[in-house]
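# Working through the structure, step by step
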Amino acid sequence: MPNPPGFVSLVGAGPGDPELLTVKGLRRLQRADVVAYDRLANPVLLKECRLDAELVFVGKHGDNPLHPSVPQEAINALLIAKARAGKQVVRLKGGDPFVFGRGGEEALELVRAGVPFEVVPGVSSAVAAPAYAGIPVTHRRLSASVAIVAGHEDPLKGGSSHDWGALARVDTLVVLMGMGRLEAITAALLAGGRAPHTPAAAVRWGTTAEQRTVTGTLATIAAEVRRAGLTAPATVIVGEVVQLRDELRWFDLPFHPEVAEAVGAGRAAGPLTP
Ligand SMILES: C[S@@+](CC[C@H](N)C(=O)[O-])C[C@H]1O[C@@H](n2cnc3c(N)ncnc32)[C@H](O)[C@@H]1O
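Residues numbered from 1 in each chain as written. Predicted model: local features only at pLDDT ≥ 70, side-chain atom pairs only at ≥ 80, totals over all residues. Heavy atoms only, no water.

Now for the overall build of the protein chain. When helices and strands are counted, the protein chain shows ten helices and ten strands. Split into buried and exposed, the 274 residues of the protein chain put 48% on the buried side. Here the contacts in the protein chain between residues at least 6 apart in sequence split such that 69% fall between residues at least 24 apart. Working note: accessible area of the protein chain is about 13,200 Å², and carbon and sulfur atoms make up 55% of it. (Helix = DSSP H or I, 4+ residues; strand = E, 2+ residues; numbered from the N terminus. Buried < 20%, exposed > 50% of the residue type's maximum accessible area, 1.4 Å probe, protein only. Contact = heavy atoms within 4.5 Å. Areas by Shrake-Rupley, 256 points an atom, 1.4 Å probe, with all protein chains shown as cover.)

The structure is reproduced here in structure tokens:
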């Protein structure tokens, strides 16, 4: 007897605060036979899975020899094999699966393998980390355009596919994966004509108990981040909207008891390492 058809749900886990998982994402997790999860997906969410669900860590750890990364081909093969075995598979990814999450690549592999799938979007760190730092990425007076940019290419070594001159003209620039190249990125934006006094911020582990924010200007943010010892994962925001944080910061204040209660679950989440 052939197995009943399996199915893959590419689910966005949200940026860290477990309460930012969507209702649909939660339902998929609760019924899954197999969950393949990333390093940036909050492991607290795995408590929602069935006790007999198979949980597979498929995170990428950069150069950490103690935790070698799982190659993308192996992840694709796992999803396809489990679905072909008739399993309900959840591929749980940090933030949104289609925002720098390789969700598009995985979905294409599923299509090519004839495996039915769906995408359950998630709250991306690109908007949530700024929001928890009190920075709206648009604002009627200050910003009518936003660009979300991958910062892991070196703008100074000719290896970058970005037009930094064009990006310098976008009102709000949100840079993911940019902590290792912040000097080069800010230099490229300055060379592209962005004013040195443009406000800038870096938000590390946004929406979690570990959230930490460093602010400065386009000219100073790289040095401020180095001085503070802020490392990945962090989201960098450049634009006039960053100045609103002075009035709008709400999550990382020594805060009002009512706010503390409202965000309590997120704050209790703790560090997100597996
Ligand atoms: C491979 S990308 C994945 C982005 C994810 N798909 C999303 O939509 O948020 C990883 C980068 O997202 C950013 N990031 C993810 N979680 C974050 C968080 N909680 N706070 C700040 N930045 C975060 C960092 O720039 C990190 O290097």
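Now that the structure has been shown, the text picks up again.
Attention now moves to the packing of aromatic side chains. Tallied over the full model, the rule gives four aromatic pairs. Among the aromatic residues, those joined into a cluster by ring pairs are Tyr132, Trp250 and Phe251. (Phe/Tyr/Trp six-rings, centres within 6.5 Å; stacked < 30°, edge-to-face > 60°.)

Summed over the entire model, instances satisfying the criterion amount to twelve salt bridges. Between arginine 91 and aspartate 38 there is a salt bridge, with the nearest N and O atoms lying 3.0 Å from each other. One end of the pair, arginine 91, is in strand 4 (residues 88–93); the other, aspartate 38, is in the loop between strand 2 (34–37) and strand 3 (54–57), with 53 residues separating them in the sequence. Overall, the relative accessible area of 1% leaves arginine 91 in the buried class. Across the pair glutamate 106 and arginine 91 runs a salt bridge whose closest N-O atoms are separated by 3.0 Å. You can see glutamate 106 sitting in helix 3 (residues 103–112) and its partner arginine 91 sitting in strand 4, a full 15 residues away along the chain. Like glutamate 106, the residue arginine 91 is buried in the burial classification. (Salt bridge = Lys/Arg side-chain N within 4 Å of Asp/Glu carboxyl O.)

Another point: the pairing of strand 8 (residues 199–204). Extensive coverage of strand 8 is indicated by the burial of five of its six residues. Pairing between strand 8 and strand 9 (residues 212–217): six bridges, direction antiparallel. Considered in strand 9, the bridge of valine 203 is made with threonine 213. Alignment of strand 8 against strand 10 (residues 234–238), held across five bridges, turns out to be antiparallel. Residue alanine 200 lies in a different strand from strand 10, and its bridge partner there is valine 238. (Pairing = 2+ DSSP bridges.)

The N-to-C vectors of helix 6 (residues 182–191) and helix 7 (residues 221–228) enclose an angle of 165°; their axes lie 9 Å apart at closest approach. The angle between helix 6 and helix 7 places the two elements in the roughly antiparallel class. When the axes of helix 6 and helix 7 are compared, the crossing they make is right-handed. Each of Leu182, Glu183 and Thr186 in helix 6 lies in contact with helix 7, whose residues at this interface are Ile221, Ala222, Val225 and Arg226. Grouping the constituent residues of the contact of helix 6 with helix 7 by class yields four nonpolar, one polar and two charged. (Axes fitted to C-alpha atoms, helices over the stretch in contact; angles between N-to-C directions. Parallel < 35°, antiparallel > 145°, perpendicular 65-115°, else oblique. Left-handed = near helix turned anticlockwise from the far one by under 90°. Nonpolar A, V, L, I, M, F, W, Y, C, P; charged D, E, K, R; others polar.)

On to the layout of surface pockets. One water molecule sets the probe size; rolling that probe over the atoms shows where empty space is left. Volume-wise, the largest pocket comes out at about 1,300 Å³. Along its surface, the largest pocket is lined by 43 residues, and Arg39, Leu40, Phe100, Met177 and Pro233 are the ones closest to its centre. For the lining of the largest pocket, the elements supplying multiple residues, two or more each, are strand 4, helix 4 (125–132), strand 8 and strand 10. When residues of the lining of the largest pocket are assigned to domains, at least three map to each of domain 1 (7–123) and domain 2 (126–248). (1 Å grid on protein atoms, 1.4 Å probe; cavity = no way out; pocket = protein on both sides within 12 Å on 5 of 7 lines; lining within 4 Å. Points joined across faces, edges and corners; volume = space filled by probe spheres on them. Domains from an automatic or database assignment.)

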